[in-house]
Amino acid sequence: MNSSKEAGARRVTGKPRVVVTRHLNPHVESRMEELFDTVLNTADTPMTADKLVTAVQDCDVLVPTVTDRIDADLLNQAGDRLGLIANFGAGTDHIDLAAAKARGIMVTNTPGVFTDDTADLAMAMIIGVPRRIREGTSLVRRGEWTGWAPSGLLGRRLGGKTLGIVGMGRIGQAVAHRARAFGLAIAYHNRHRLPAALENQLGADYYPTLDELLAHSDIVTLHCPSTPTSRHMFGAERIARMKDGAALINTARGDLIDQNVLVEALETGKLIGAGLDVYPEEPEVDARLFAHPNVMTLPHIGSATAEGREASGDKVIANIRFWIDGHRPPDQVLEGLV
């Protein structure tokens, strides 16, 4: 084990050894192999804890994804060479930033490249849940649709309803832009209020407390990070404060919602439906969610576009090159600094 050192840019002589934990875009992998001494995971199965330990003991750069748990125990077993964790993706809640800081390991991410992709998917569920898209699709696929009827599969009109956005960062703002085109009124809660000019541009009303936002929102969409304080932020008390017949959309992190409380709210009719792209224990999905006809369950595909994944890989490469040249990478995660 090495002693604590300052986390910073480092000039590396020769090709740095880079370990990539998952299969990436072929263009990205090919470019990495040209530039670095690269170890790829062509099988694309998540690395076990033992394999991650082996990786960090003999590399200069680790390129993990959200499926890898980079905790203090792992980092304490890292070799002296490891100086950069170049995360593939914007979220870093799977990385113990404090432990990286203590070990003098810089952390970078790839912000911004998945903003539109995730906002598009959130918008699909914001539309799909009120209009009962999943239920209608299932009816047709089962061969049980008997034809058009005046009272068949009546959903809820979007125009005139209020969309409550929890977390008004890049993705939340992109959702707000899209939602206005569908006639939705925009309301939001954020740790910090946006500048008045940006609020005017988005047509967004600020609510200083989450409870106030929930009381006024017909659809609630989550775009905030997972932290120890945000875990189960949507538990029994919060969901009880939502409007009767509201819809809940989550493309952020699965542990923001207490699954037991969500299932109960769906079963009692408190919520009309839910759109979920993330889950607390992925890839496990609570089977009770499948039983409700108006729950859209997607397999964590918010960022799953060819363009976004290639752009994220390009950012990873840029961050590594800056680091090995002795410059601070453009996407350094500041919380990981000494």
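On a predicted model such as this, the values are computed, not experimentally measured, just so you know.

Calculation notes
Residues numbered from 1 in each chain as written. Predicted model: local features only at pLDDT ≥ 70, side-chain atom pairs only at ≥ 80, totals over all residues. Heavy atoms only, no water. Helix = DSSP H or I, 4+ residues; strand = E, 2+ residues; numbered from the N terminus. Buried < 20%, exposed > 50% of the residue type's maximum accessible area, 1.4 Å probe, protein only. Contact = heavy atoms within 4.5 Å. Areas by Shrake-Rupley, 256 points an atom, 1.4 Å probe, with all protein chains shown as cover. Lys, Arg positive; Asp, Glu negative; His and termini not counted. Charge placed at Lys NZ, Arg CZ, Asp CG, Glu CD. Salt bridge = Lys/Arg side-chain N within 4 Å of Asp/Glu carboxyl O. Pairing = 2+ DSSP bridges. Axes fitted to C-alpha atoms, helices over the stretch in contact; angles between N-to-C directions. Parallel < 35°, antiparallel > 145°, perpendicular 65-115°, else oblique. Left-handed = near helix turned anticlockwise from the far one by under 90°. Nonpolar A, V, L, I, M, F, W, Y, C, P; charged D, E, K, R; others polar. Right-handed = clockwise from strand over helix to strand, strands pointing away. Domains from an automatic or database assignment. Buried area = accessible area lost by both parts, 1.4 Å probe. Polar contact = N/O pair within 3.5 Å; in protein donor to acceptor, adjacent residues only side chain to side chain.

(A) Just the overall build of the protein, in detail. When you go through the protein residue by residue, the secondary structure sums to 13 helices and twelve strands. Counting across all 338 residues of the protein, residues that qualify as buried make up 50%. Across the protein, the fraction of contacts at a sequence separation of at least 24, relative to all contacts at a separation of at least 6, is 64%. Accessible surface computed for the protein: about 16,200 Å², of which carbon and sulfur atoms make up 51%. Measuring between centres, the 36 positive side-chain charges of the protein sit 4 Å from its 42 negative side-chain charges.

(B) Up close: the pattern of salt bridges. Counted according to the given criterion, the structure contains 20 salt bridges. For D71, the salt bridge identified is with R69, shortest N-O distance 3.5 Å. Take D71: its relative accessible area is 23%, and that puts it in the partly exposed class. Across the pair D211 and R241 runs a salt bridge, and its minimum N-O distance is 3.3 Å. Of this pair, D211 sits in helix α9 (residues 210-216) while R241 sits in the loop between α10 (236-240) and β10 (246-250), and the two are 30 residues apart along the sequence. When its relative accessible area of 24% is taken as the criterion, D211 is described as partly exposed. Its relative accessible area of 40% is what places R241 among the partly exposed residues. Through salt bridges with shared partners, a single network forms among R17, D37, D58, D60 and R81.

(C) Representation of the sheet that holds strand β12 (residues 295-297) within the structure. If you trace the seven strands from one edge of the open sheet to the other, you get β8-β7-β6-β9-β10-β11-β12, paired in parallel fashion. The outermost strands of the open sheet, each flanked by one partner alone, are β8 (204-206) and β12. Going from strand to strand, the sheet's axes swing by 20° on average, the running direction of each strand aside. In the sheet, strand β6 (residues 162-166) pairs with strand β9 (residues 219-222) via four bridges, with the strands oriented parallel. By the bridge assignment for β9, L163 is matched with I219. Against the sheet, helix α5 (residues 115-128) contacts β6, β9, β10, β11 (271-276) and β12, and its axis sits at roughly 160° relative to β10.

(D) Fine view of the sheet that holds strand β1 (residues 17-20). One open sheet accounts for five strands, arranged β2-β1-β3-β4-β5; its pairing is parallel. Single-partner strands in this sheet number two, and they are β2 (37-39) and β5 (106-108). Each strand of the sheet is rotated relative to its neighbour by a mean of 20°, with strand direction disregarded. The sheet contact formed by β1 and β2 spans three bridges and is parallel. Within β2, the position partnered with V18 by the bridge is T38.

(E) Structural detail: the packing of helix α1 (residues 26-35) against helix α13 (residues 306-324). Packing of α1 against α13 brings their axes to within 9 Å, and their N-to-C directions diverge by 15°. It follows that α1 is roughly parallel to α13 by the angle criterion. Handedness of the crossing formed by α1 with α13: right-handed. Only E310, G313, D314, V316, I317 and R321 of α13 make contact with α1, whose side of the interface consists of H27, V28, R31, M32 and L35. For the contact of α1 with α13, the per-class residue count stands at five nonpolar, two polar and four charged.

(F) Just the pairing of β11, in detail. In terms of burial, β11 is largely enclosed, as five of its six residues are buried. As for the winding sense of the linkage, the β-α-β connection from β10 through helix α11 (residues 259-268) to β11 is right-handed. Note: β11 against β12, three bridges, orientation parallel. When the bridges of β12 are listed, A274 appears paired with V295.

(G) The arrangement of the domain arrangement of the protein in detail. When cut into domains, the protein gives domain 1 (17-109 + 305-325) and domain 2 (114-297). Contacts between the two partners involve eight residues from domain 1 and, on the opposite side, four residues from domain 2. Taken as a group, D93, T305 and G308 account for 61% of the area that domain 1 buries against domain 2, more than any other trio of residues on that side. The interface formed by domain 1 and domain 2 includes one salt bridge. The partner of R253 in a salt bridge is D93, with the nearest N and O atoms 3.1 Å apart.

(H) Expanded view of the side chain of R22. On the secondary structure map, R22 appears in the loop between β1 and α1. Exposure remark for R22: the relative accessible area of 16% places this residue in the buried category. There is a polar contact of 3.0 Å between the side chain of R22 and the side chain of D44.

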